[in-house]
Amino acid sequence: MKDEPTHRCFCVHFLQYPLRHKHTVHRSTTVPSGLRKPLTRTRAGLRSTAAAPPRRARPRLRPSAAQRAPHKMAAPTLSRRCGRAAGLWGALRRARQPGTRHVHERPQRARGPKGLLAEQSERGLFQEVFPAQGADEQLEALLEPGRPPVAVYCGFDPTADSLHVGHLPAVMALLHFQRAGHTVLAVVGGATARLGDPSGRERAREPLEAERVRAHARGLREGLGRLLENHRALFWAADGGRPLGRAELLDNAWWLGREPLLDFLCGAGGRLRMGTLLSRQGCQARLRSAEGMSLAEFLYPALQAYDFLHLHRHHGCRVQLGGADQMGNIMSGYELVTKMTGTDVFGITVPLITSTTGDKLGKTAGNAVWLNRDKTSPFELYQFFVRQQDDIVEKYLKLFTFLPLEEIDHIMEMHAKEPEKWGPQKRLAAEVTKLVHGREGLESAKRCTKALYHSSVEALEAMSDQELQELFRQAPSAELILEPGMTLLDLCRKANVIQHGPSGYQKITDGGVSVNGIRVTNPETVLILGQHILKNGVSLLRIGKKNYYIIKWLQL
């Protein structure tokens, strides 16, 4: 038995989360050649894929028969979408050892310690590093184990009061930096959210009132705090005793709200070039549109750049993280910090998660996978990941979990032998649900799964009122008093779940009514405690195939 119905297509309006089964990388800006430099991994570490000075040609030896043998490796989908000739995945895809192996055999991973950049590029979490000239030496050396911790930040604009699955790659990137001993700064954009980020948008965002933005910012800080705490308590305790990096939750309204306009324009505004800002692809597209672009939106990259400058001055921040569509804003921050301080800083992009229609997963497209329980229950989040197709689940295991790559390889090998067990999907769902909702949230998701898909009476009895409401969000509920000799027909009529008269009676005899997952065909069946009424004082009626009703019994 598996933890989901036989169909694999998930209803958008029920759980709100269709995902595209391949990652898509979007860029909202055109980066000049030589500035944005993907990385490749060699035996010596990371190096640039930029063109090297010509070398004197050497005589080439004829390869042996073993070297001429084909090496068929399953290239990750992310590498195909990110570019075949360059990028963090390019060298990994080309790094094949001499010799032959079976076509279905998974490649052996190189053993030995890896740097943070190399490890996360192999997982597909780090895509591009900016600027190019510092990617292979300065940043790698800066993040080298044993050196002082580096401060890294990522921003989250509070356009809603909850994070969603589209935010998880950035959160996971912060957590991987924290696991490496670095300081992570999660910055909620309480100020920038009022302007609205124009990146990747065809029209301006709806303006948000200040009080609403403040409420949303509080919700995001609470959500980020839960993720950081769940990671510390559930994913780090058994990790060899290495020190976990420090984490801080900040809000850019704390400094942008106090910055005088003239001081900002005369300081940071004097260092940012109009030509550079206007050259951004997203800016050009908006300026050519019928709606145009407001001054507030145009200044958004300048304010985000000032965030980087403030965090560098007050927290020693050297690295900014952002989605693949944030490269233009990252470039503006780099330009401002280097011009005003002379310090080398860096930016790293993470992949965007897209829906089946190619839209960026989030609130704007109406397909957000919320991480707050009041918007998306642990059961719904668990089922969303359980329902992922085989061609995407391995990549999600690498992006959304802390499992070693060797263990992920083993999980996928077992899945190839026993695909009917849906092992990778269940492991992915369990790891993400535990990170987002904690151990209790994962247990709740499993109880709801057993109750709904396995008709488990024990699971129903163990469920709380909150879990019942989460499991059957649209299900009506009724409170009744159990009367002596009360029958199933009496219950259905008092709860108004069937029609009065012969048609309702016939509905029961035809097998259209189930109580606690058990079909009852005799309308005169007397209700029995422990069978029709569970120990928690609840009965779950199902009329037909999809209509559920929750009955709460009083004065038992």
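The rules behind each value
Residues numbered from 1 in each chain as written. Predicted model: local features only at pLDDT ≥ 70, side-chain atom pairs only at ≥ 80, totals over all residues. Heavy atoms only, no water. Helix = DSSP H or I, 4+ residues; strand = E, 2+ residues; numbered from the N terminus. Buried < 20%, exposed > 50% of the residue type's maximum accessible area, 1.4 Å probe, protein only. Areas by Shrake-Rupley, 256 points an atom, 1.4 Å probe, with all protein chains shown as cover. Axes fitted to C-alpha atoms, helices over the stretch in contact; angles between N-to-C directions. Parallel < 35°, antiparallel > 145°, perpendicular 65-115°, else oblique. Left-handed = near helix turned anticlockwise from the far one by under 90°. Contact = heavy atoms within 4.5 Å. Nonpolar A, V, L, I, M, F, W, Y, C, P; charged D, E, K, R; others polar. Expected span 1.5 Å × (residues − 1). Pairing = 2+ DSSP bridges. Phe/Tyr/Trp six-rings, centres within 6.5 Å; stacked < 30°, edge-to-face > 60°. Lys NZ or Arg CZ within 6 Å of the ring centre and 35° of its normal. Patch = residues over 30% accessible without salt bridge, like charges linked within 9 Å, V, L, I, M, F, W, Y side chains within 5 Å. Salt bridge = Lys/Arg side-chain N within 4 Å of Asp/Glu carboxyl O. Core = buried A, V, L, I, M, F, W, Y, C linked by side-chain atoms within 4.5 Å. Right-handed = clockwise from strand over helix to strand, strands pointing away.

1. Quick look at the overall build of the protein
Then step 1. Regarding its fold elements, the protein presents 23 helices and 13 strands.
Then step 2. Taken over 556 residues, the protein has a buried fraction of 52%.
Then step 3. Accessible surface computed for the protein: about 27,000 Å², of which carbon and sulfur atoms make up 51%.

2. A word on the packing of helix α17 (residues 390-400) against helix α18 (residues 405-417)
Then step 1. At a minimum axis separation of 10 Å, α17 and α18 run at an interaxial angle of 160°. When the axes of α17 and α18 are compared, the pair comes out roughly antiparallel. Both α17 and α18 take part in a crossing whose hand is right-handed. Counting all contacts with α17, which are made through Asp390, Val393, Glu394, Leu397 and Lys398, the residues of α18 involved are Leu405, Ile408, Asp409, Ile411, Met412 and His415.
Then step 2. Split by residue class, the contact of α17 with α18 holds 6 nonpolar, 1 polar and 4 charged.

3. Section: helix α8 (residues 210-234)
Then step 1. Taking 1.5 Å of rise per residue, the 25 residues of α8 would be expected to cover 36 Å, and the 36 Å separating its terminal C-alpha atoms lies within 8% of that figure.
Then step 2. The set of residues buried in α8 consists of Val213, His216, Ala217, Gly219, Leu220, Gly223, Leu224, Leu227, Leu228, Asn230 and His231.
Then step 3. Packing partners of the buried residues in α8 comprise β4 (151-156), α7 (168-179), β5 (183-188), β6 (247-251) and α19 (423-453).

4. Section: the sheet that holds β6
Then step 1. With respect to topology, 6 strands assemble into an open sheet ordered β3-β8-β7-β4-β5-β6, the strand pairing being mixed. The sheet is open, and its two borders are formed by β3 (128-130) and β6, each paired with just one other strand. Direction aside, neighbouring strands of the sheet carry axes that sit 25° apart on average.
Then step 2. Judged from the 3 bridges that link them, β3 and strand β8 (residues 346-350) form a sheet pairing that is antiparallel.

5. A few points about the packing of aromatic side chains
The geometry of an aromatic ring pair is captured by the separation of the ring centres together with the interplanar angle, meaning the angle of the planes.
Then step 1. One pass over the structure, following the stated rule, counts 11 aromatic pairs.
Then step 2. Taken together, a centroid distance of 6.3 Å and an interplanar angle of 40° make the contact between Phe379 and Tyr453 tilted. One end of the pair, Phe379, is in helix α16 (residues 378-386); the other, Tyr453, is in helix α19, with 74 residues separating them in the sequence.
Then step 3. Taking the relative accessible area as the measure of exposure, Tyr453 reaches 23% and is therefore partly exposed.
Then step 4. Ring-pair connections join several aromatic residues into one group, and the members of that group are Phe384, Phe385, Tyr396 and Phe400.
Then step 5. Across the ring face of Phe402, the terminal group of Arg179 is positioned such that the distance to the ring centre comes to 4.3 Å.
Then step 6. Positioned over the ring face of Phe235 is Lys434, at 5.0 Å from the centre of the ring.

6. A look at the environment of Pro158
Then step 1. You can see Pro158 is positioned in the loop between β4 and α7.
Then step 2. Assessed through its relative accessible area of 0%, Pro158 is described here as buried.
Then step 3. Between the C-alpha atoms of Pro158 and Val213, which are 55 residues apart in sequence, the distance is 6.5 Å.
Then step 4. Here Pro158 is in contact with Val188, Gly189, Gly190, Ala193, Leu208, Val213, His216, Ala217 and Leu220, once residues within four sequence places are set aside.

7. A look at the side chain of Gln120
Then step 1. As for its placement among the helices and strands, Gln120 is situated in helix α5 (residues 116-123).
Then step 2. Judged by relative accessible area, Gln120 falls into the buried class, the value being 1%.

8. Section: a nonpolar patch on the surface
Then step 1. Taken together, the side chains of Leu261, Leu262 and Leu265 define a hydrophobic patch exposed on the protein surface, amounting to about 320 Å² of accessible area.
Then step 2. Secondary-structure assignment places Leu265 in helix α10 (residues 261-266).

9. Brief notes about the pattern of salt bridges
Then step 1. Considering all chains together, one arrives at 15 salt bridges under this definition.
Then step 2. Measuring nitrogen to oxygen at the nearest pair gives 3.4 Å for the salt bridge that ties Arg373 to Glu440. Of this pair, Arg373 sits in the loop between β8 and α16 while Glu440 sits in helix α19, and the two are 67 residues apart along the sequence.
Then step 3. Taken together, the shared-partner salt bridges connect Arg373, Glu440, Arg447, Glu467 and Glu470 into one network.

10. Considerations on the nonpolar core
Then step 1. The biggest cluster of nonpolar side chains holds 67 residues, and the ones touching the most others in it are Leu139, Phe156, Val165, Phe177, Ile348, Phe385 and Phe400.
Then step 2. Apart from the residues within four sequence positions on either side, Phe400 is in contact with Val165, Leu168, Pro169, Met172, Ile353, Phe385, Leu428 and Val432.
Then step 3. Within the second largest apolar cluster, 26 residues are counted, among which are Trp255, Ala268, Tyr306 and Leu336.

11. Focus on the sheet that holds strand β11 (residues 518-519)
Then step 1. Pairing is mixed across the open sheet formed by 5 strands, whose spatial order is β9-β13-β12-β10-β11. Because the sheet does not close on itself, it has two edges, and the strands there are β9 (477-481) and β11.

12. Some thoughts on the pairing of β8
Then step 1. With 5 of its 5 residues buried, β8 lies for the most part within the structure.
Then step 2. Side chains Phe346, Ile348 and Val350 of β8 all project onto a buried face; the interleaved residues Gly347 and Thr349 project onto the opposite face, where all are buried too.
Then step 3. Both strand β7 (residues 317-323) and β8 contribute to a ladder of 5 bridges, which runs parallel. Within the sheet, the bridge partner assigned to Leu321 lies in β8 and is Ile348.
Then step 4. Read as a crossover between parallel neighbours, the route from β7 over helix α15 (residues 327-341) to β8 is right-handed.

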